[in-house]
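Tertiary structure, described
The lines below spell out each chain.
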Amino acid sequence: MQRVDNIAGLTLGELAEQLSFKTPQDLLREKGWVGQLVEAALGASAGSKPIPDFEYIGVELKTLPISYHGKPLETTYVSVVPLTQLTGLTWYNSTVKKKLSHVLWLPILAERDIPVVERVIGQGFLWQPSPVQEQQIRRDWEEQIELIATGNVDQISGHLGEVMQIRPKAANAKALTDAIGPNGKCIQTLPRGFYLKTNFTQSILAQEFSA
DNA sequence: TTGTGATCATTA
DNA sequence: TAATGATCACAA
């Protein structure tokens, strides 16, 4: 958290310079650049391993792009959605519960008209879901996992879910993976991810900064 | 191919 | 203009 406090208020350009990162003109081709930068700054065990960013303390790091008014500009990716081998899968052993059990949120003032180099790092904070918040996420998870388990993955769209939705998460629309189809047969479908809706992350920010 | 980091950009 | 569906880079 000392590191978090130390980078609060810095622009992405300033932090990039400190770490010898080259700031891109835009994020068109480097959508994960900001996340990689703050991982390096905060000492997260980088890489694409399926473990928490800070594996020894079980904390997940999430940057959160916000508008001038402090509203989240994007949904927040949580994890890949399991589409097969769902037997025995419960909320309690789900990747979503694990990932969201402890999160370090790092707001970034990232309005689209601000050049990447001038975007400002906000005050990061640790968060754990309240009982109510966990119930909201759990309901969305169980409802949508049920659809997948019963072979109705293709009926899922981003409209579902009160606070967490399922959307494509793939290299492109041609990427396919195995899933359960009607009649229990194996079908090919787009890989999906769980995303926290902006209304939910906004409430987390409100909870943190209103107090 | 799947998982990590996400944002882009068209649609509703 | 917000939200959904599409997409980008890199590592293992």
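Keep in mind that this is a model prediction, so the values were computed, not measured. (Residues numbered from 1 in each chain as written. Chains lettered and ligands numbered in written order. Predicted model: local features only at pLDDT ≥ 70, side-chain atom pairs only at ≥ 80, totals over all residues. Heavy atoms only, no water.)

With that settled, consider the pairing of strand β3 (residues 103-109). Working note: regular strand, side chains alternate between the two faces of the sheet. Most of β3 sits out of view: 6 of its 7 residues are buried. Of the strand pairs in this sheet, strand β1 (residues 60-66) and β3 are connected by 7 bridges, and their pairing is parallel. Residue pairing across strands places Pro65 opposite Ile108, the latter belonging to β3. Here β3 runs beside strand β5 (residues 125-127); their pairing, made up of 3 bridges, is antiparallel. Pairing of Trp105 across the sheet is with Phe125, part of β5. (Buried < 20%, exposed > 50% of the residue type's maximum accessible area, 1.4 Å probe, protein only. Helix = DSSP H or I, 4+ residues; strand = E, 2+ residues; numbered from the N terminus. Pairing = 2+ DSSP bridges.)

So, on to the protein's contact with DNA strand C. Near DNA strand C you find 18 residues, and of these Arg29, Gly158, Gln165, Arg167 and Ala173 are the closest. In the interface set of DNA strand C, defined as its atoms within 4 Å of the protein, sugar plus phosphate atoms amount to 60%. Gln165 has a polar side-chain atom sitting 2.7 Å from a phosphate oxygen of DNA strand C. Within the side chain of Thr198, an N or O atom sits 3.5 Å from a phosphate oxygen of DNA strand C. Considering every element that reaches the surface near DNA strand C, the biggest residue donor is strand β6 (residues 164-168), with 3 residues. Its residues assigned to classes, the surface near DNA strand C comprises 6 nonpolar, 8 polar and 4 charged. (Near = heavy atom within 4 Å. Polar contact = N/O pair within 3.5 Å; in protein donor to acceptor, adjacent residues only side chain to side chain. Nonpolar A, V, L, I, M, F, W, Y, C, P; charged D, E, K, R; others polar.)

Another point: the protein's contact with DNA strand B. In the vicinity of DNA strand B there are 26 residues, among which Asp53, Lys99, Lys169, Thr177 and Tyr195 approach most closely. Considering DNA strand B, the proportion of its atoms within 4 Å of the protein that are sugar or phosphate atoms stands at 66%. Tyr77 is positioned such that a nitrogen or oxygen atom in its side chain is 3.2 Å from a phosphate oxygen of DNA strand B. Taking Thr177, its side chain carries an N or O atom lying 2.9 Å from a phosphate oxygen of DNA strand B. Mapped onto the surface near DNA strand B, the elements with two or more residues apiece are α3 (33-42), β1 and β2 (76-80). Its residues assigned to classes, the surface near DNA strand B comprises 8 nonpolar, 7 polar and 11 charged.

On inspection of all chains with the given rule, the structure shows 5 aromatic pairs. In this structure an aromatic cluster arises from ring pairing among Trp105, Trp127 and Phe200. Over the face of the ring belonging to Tyr195 we find Arg167, whose NZ or CZ atom lies 4.0 Å from the ring centre. Cation over ring: Lys169 sits above Tyr77, and NZ or CZ is 4.5 Å from the ring centre. (Phe/Tyr/Trp six-rings, centres within 6.5 Å; stacked < 30°, edge-to-face > 60°. Lys NZ or Arg CZ within 6 Å of the ring centre and 35° of its normal.)

Let's shift gears to the nonpolar core. The nonpolar side chains of a soluble globular protein tend to be buried, and buried together. Formed by 29 residues in total, the largest nonpolar core has its most connected members in Val96, Trp105, Ile137, Ile148, Met164 and Phe194. When contributions to this core are tallied by element, the ones reaching two or more residues are β1, α4 (95-100), β3, β5, α5 (131-149), β6, β9 (192-196) and α6 (198-210). With 4 residues, α5 is the single largest residue contributor to this core. Discounting chain neighbours no more than four positions away, the residues touching Ile148 are Val81, Pro82, Leu83, Leu86, Val153, Ile156, Ile166 and Ile180. Formed by 22 residues, the second largest nonpolar core is a distinct cluster that contains Leu10, Leu37, Ala41 and Val116. (Core = buried A, V, L, I, M, F, W, Y, C linked by side-chain atoms within 4.5 Å. Contact = heavy atoms within 4.5 Å.)

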